[in-house]
Amino acid sequence: METVIEAIDLVKQFGPFTAVDTISFAVRPGEVFGFLGPNGAGKTTTMKMIQCASPRTSGTLSVFGMDPGTHSHEIKAMIGVVPQETNLDTEFSTFENLMVYSRYFGIPKEVAEERAEKLLDFVQLTEKRDINIEKLSGGMKRRLILARALVNQPKLLILDEPTIGLDPQARHLIWEKLKLLRSLGNTIVLTTHYLEEAERLCDRLVIMNNGTILVQGSPAALVRDHVGGGIVEAEHSPGVVACLLDMGIPYEVAGDRVQVVTDNPGAVARELLAKCDAKQVLTRAATLEDVFLKLTGRVLRE
Amino acid sequence: MIRELLTVPRLTGKAWTVWRRNLDVFLKTWRVNLVPPFIEPFLYLIALGFGLGGFVGYIGDVPYIDFIAPAIVAVSIMNSAFFECTYGSYVRMYYGKTFDAIIATPVSIEEVIAGELLWGATRSMIYTSLMLPVLVLFGVVDLPSSLLLIPFAFLGGLLFACIAMCFTAVTPSIDALNYPSFLFITPMLLFSGTFFPITVLPPALQVFAYAVLPLTNVVNICRGLTLTMFSPFMLYNLAWIVIVTGALFLISVNLMKRRLVV
């Protein structure tokens, strides 16, 4: 099989509102594929179409070569879903949550029990096996949801904002598990608006905004193609701005900072210090965040 | 529109996995679940049966307490399924996001709703089974005919579960579920031949009650069973319940599908 998911001109409309506007992408076996974008970009809607929860308006979509509109039963048996909301069964213990979920897949009880024990070990929750999930921390609940998404040994794992609202330790633990799953040959699709997460995890990603895909590629290639090598930042003062204009160096204002994109950050920094009397000069490598902000703008999304 | 609402969904045995999930939760919290069906008949029988019954005496040649005993069962059938599939289902759907979790598996949304309805009916059956020994103890119901209340509670429960799910499918919020509770369930509780014979109502209202009010038909069957007084009219009641339940089962599943699949 060449692709796990293939979308061509995929559209989703809610009444007059177009949530996903003619997007095309292909996910290959064994890769981690990311959907990056601000709130309301259409990431979650795209996930819902892939996981057969929401019918598409037009375009073609195939998952494992099957149409989610007609083969939802078969597709859903082969995928694992980590939703954005924590929707565990609050009445049950950690272990029971996995067992009840296994039943929906028709997994025999003995097999399910064995898998549940292994999965609890995998997400480091064996100690919390018989504890009511209301007593788990946010990070533990997310790990349990990850384990739950694996009960049917899915060939494709879909994660919608897997680390939302977690502290750094909990986030790193999830990343570690996802990397491990990838190394075992799993195909993973995830959405995120954490740029660091996308940069660390994704082999390839798309950046979405207003329902469309702006760019796609590997994180490194996106940074190289859309921003360049380095960034020099200095304080946003009239003196610095006048001096940059004077020297003809293009810059961008980002809050109380000015940013200069350049392939030679050292030279620009020296000029700023020597000629512009800049006080706070910082040079750094360009990141995915720079690509993201350049493409999606700096306007706040609600 | 009508055709869409009466579409027969494709259902498999997976609906029972949803039913089983709810049963597991029920058993997990059995302490709070099992007490009400024991207490409820006590309260009614003492307050209405002995209290009010002391003044009323007999209705026809039936002691008042025996007259209301089947109504207590019917009201419990109604309440347990109706509240399970309104507030209970709404909380699972909206707050718990349980339905979202389940439909990410090979279980379809139609099967989730079917499982919820079957569970609502089962809850009525469980409650009836628990009340029955209390009523037998008071000596207000006949045996063995009253044992038929248990399977009948499943059918009657399914009827109210389907009615409830229609409201759940269209309610804008959990608070708005108070409307059917107070404007539909409470009046029925009072005017369905429960605590006084329906024959005292004007003829037009009697026709209305048997043609439109589900509880009236349920009460009449329950009463026939507990008093061992079978009449051909009970076949009409049964047919009414079966047909309305069938139609509302389809409508509630399709309404919920319309609400949840967007």
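Treat the numbers as computed from the prediction; the structure is a model and nothing was measured.

Helix and strand content of chain B: twelve helices and two strands. In sequence order, the secondary structure elements of chain B are arranged as α-α-α-α-β-β-α-α-α-α-α-α-α-α. Its C-alpha atoms give chain B principal-axis dimensions of about 60 × 45 × 35 Å. Burial statistics for chain B: of 262 residues in total, 56% are counted as buried. A fraction of 79% describes how many contacts in chain B between residues 6 or more apart in sequence connect residues 24 or more apart. Summing over all exposed atoms, chain B offers an accessible surface of approximately 11200 Å²; the carbon and sulfur share of this is 74%. Counting 14 positive and 12 negative side-chain charges, chain B places the centres of these two groups 10 Å from one another.

Let us look at the side chain of Ser76(B). All names here are of chain B. Mapped onto the elements of the fold, Ser-76 is located in helix α5 (residues 64-95). Since its relative accessible area comes to 2%, Ser-76 is described here as buried. If we skip the residues at most four places from it in the chain, Ser-76 touches Glu-40, Tyr-127 and Met-131.

A surface patch of nonpolar side chains, amounting to about 360 Å² of accessible area, comprises Val35(B), Phe38(B), Ile39(B) and Leu43(B). Looking at the secondary structure, you find Ile39(B) in helix α4 (residues 36-56).

Time to look at the state of the cysteines. All names here are of chain B. Counted by the stated rule, this structure contains one disulfide over all chains. Free of any disulfide, Cys-85 has its nearest neighbouring cysteine sulfur in Cys-162, separated by 7.8 Å. Given the relative accessible area of 0%, Cys-85 is considered buried. The thiol of Cys-166 is unpaired, and the distance to the nearest cysteine sulfur, on Cys-162, comes to 7.2 Å. What makes Cys-166 buried here is its relative accessible area of 14%.

Turning our attention to the sheet that holds strand β4 (residues 58-63) of chain A. Residues and elements named next belong to chain A. Strand order across the open sheet formed by three strands is β2-β1-β4, with antiparallel pairing between neighbours. Bordering the open sheet on either side are β2 (17-27) and β4, each of which pairs with just one other strand. Across the sheet, the axes of successive neighbouring strands diverge by a mean angle of 25°, strand direction being ignored. Sitting on the sheet, helix α1 (residues 43-50) touches β1 (5-14), β2 and β4, and the angle it makes with β2 is about 65°.

Glancing now at the nonpolar core. Judged by nonpolar contacts, the single largest core of 162 residues is most densely connected at Ile5(A) and Phe160(B). Ignoring sequence-local partners within four residues, the contact set of Ile5(A) consists of Phe25(A), Ala26(A), Val27(A), Ile50(A), Leu61(A), Ser62(A), Val63(A), Leu156(A) and Val189(A). Membership of the second largest hydrophobic core comes to 14 residues, among which are Ala234(A), Leu244(A), Ala269(A) and Leu272(A).

Once that is clear, we can look at the packing of helix α8 (residues 149-170) of chain B against helix α11 (residues 214-226) of chain B. In a pair of packed helices, the angle between the axes and the distance between the axes together describe the arrangement. Residue and element names in this part refer to chain B. Taken N-terminus to C-terminus, the directions of α8 and α11 make an angle of 175°; their axes are 11 Å apart at the nearest point. Taken together, the axis directions place α8 and α11 in an arrangement best described as roughly antiparallel. In this structure, α8 uses Leu-149, Phe-152, Leu-159, Phe-160 and Ile-163 to contact α11, whose residues at the interface are Pro-214, Leu-215, Val-218, Ile-221, Cys-222, Leu-225 and Thr-226. The class makeup of the residues in the contact of α8 with α11 is eleven nonpolar, one polar and no charged.

Residues and elements named next belong to chain A. In terms of burial, α1 is a largely internal element, six of the eight residues being buried. Those residues of α1 that fall on the buried side of the exposure criterion are Lys-43, Thr-45, Thr-46, Met-47, Met-49 and Ile-50. Cys-52 sits one or two residues past α1 and shows a positive phi near 65°.

Now for the pattern of salt bridges. Per the counting criterion, the structure on display carries 25 salt bridges over all chains. The residue Arg21(B) makes a salt bridge to Glu91(A) at a minimum N-O spacing of 3.5 Å. Here Arg21(B) is found in helix α2 (residues 15-28), whereas its partner Glu91(A) is found in the loop between β5 (79-82) and α3 (94-104) on a different chain. Note on Glu91(A): relative accessible area 28%, which makes it partly exposed. Arg182(A) is the partner of Asp203(A) in a salt bridge, and the nearest nitrogen-oxygen pair spans 2.8 Å. Of this pair, Asp203(A) sits in the loop between α7 (195-201) and β8 (204-209) while Arg182(A) sits in helix α6 (residues 168-183); the two residues are 21 residues apart in sequence, bridging distant segments of the chain. Overall, the relative accessible area of 25% leaves Asp203(A) in the partly exposed class. Salt bridges sharing partners connect three or more residues here, namely Glu233(A), Arg257(A), Arg284(A) and Asp290(A).

Facing the 22 residues of chain A at the interface are 22 residues of chain B. When chain A packs against chain B, the two sides together hide about 2100 Å² of surface, and 57% of this comes from carbon and sulfur. When residues of chain A are sorted by the area they lose upon contact with chain B, Lys76(A), Arg103(A) and Tyr104(A) head the list and together hold 34% of the total. At the junction of chain A with chain B, the criterion picks out four salt bridges.

The rules behind each value
- The numbering scheme is per chain: residues are counted from 1 as the chain's sequence reads.
- Labels follow written order: the first chain is A, the first ligand is 1, and so on.
- Since the coordinates come from a predicted model, pLDDT governs what is reported: local features require at least 70, and pairs of side-chain atoms require 80 or more to be given and counted, while whole-chain, interface and lining totals use all residues.
- Note that water and hydrogens are dropped before the side-chain values are worked out from all heavy atoms of the structure.
- Comment: elements are numbered from the N terminus, with helices defined as DSSP H or I runs of at least four residues and strands as E runs of at least two.
- Relative accessible area decides the class of each residue, using a 1.4 Å probe on protein chains only: under 20% of the type maximum gives buried, over 50% gives exposed, and in between gives partly exposed.
- Throughout, a contact is declared for two residues whenever any of their heavy atoms are within 4.5 Å.
- Per-residue accessibility takes into account occlusion by the displayed protein chains alone, with areas from the Shrake-Rupley method and a 1.4 Å probe.
- Neither His nor the chain termini are counted; the positive set is Lys and Arg, and the negative set is Asp and Glu.
- A charged residue contributes its charge at one atom only: NZ of Lys, CZ of Arg, CG of Asp or CD of Glu.
- Residues form patches when they are more than 30% accessible in relative terms and have no salt bridge. Like charges link within 9 Å. Nonpolar side chains (Val, Leu, Ile, Met, Phe, Trp, Tyr) link within 5 Å.
- One side-chain nitrogen of Lys or Arg within 4 Å of one carboxyl oxygen of Asp or Glu is enough to make a salt bridge.
- The rule for a disulfide is simple: a pair of cysteine sulfur atoms within 2.5 Å.
- When DSSP finds at least two bridges between two strands, those strands are taken to pair.
- Orientation is described by axes fitted as lines to C-alpha atoms, over the contacting stretch for helices, and by angles from 0 to 180 degrees between their N-to-C directions.
- What we call a nonpolar core is a set of buried Ala, Val, Leu, Ile, Met, Phe, Trp, Tyr and Cys residues that are connected through their side-chain atoms within 4.5 Å.
- Each angle gets one of four labels, with under 35 degrees taken as roughly parallel, over 145 as roughly antiparallel, 65 to 115 as roughly perpendicular, and the rest as oblique.
- Under the scheme applied, nonpolar residues are Ala, Val, Leu, Ile, Met, Phe, Trp, Tyr, Cys and Pro; charged residues are Asp, Glu, Lys and Arg; polar residues are all the others, including Gly.
- Throughout, buried area stands for the accessible area (probe radius 1.4 Å) lost by two parts on being put together, summed over both.

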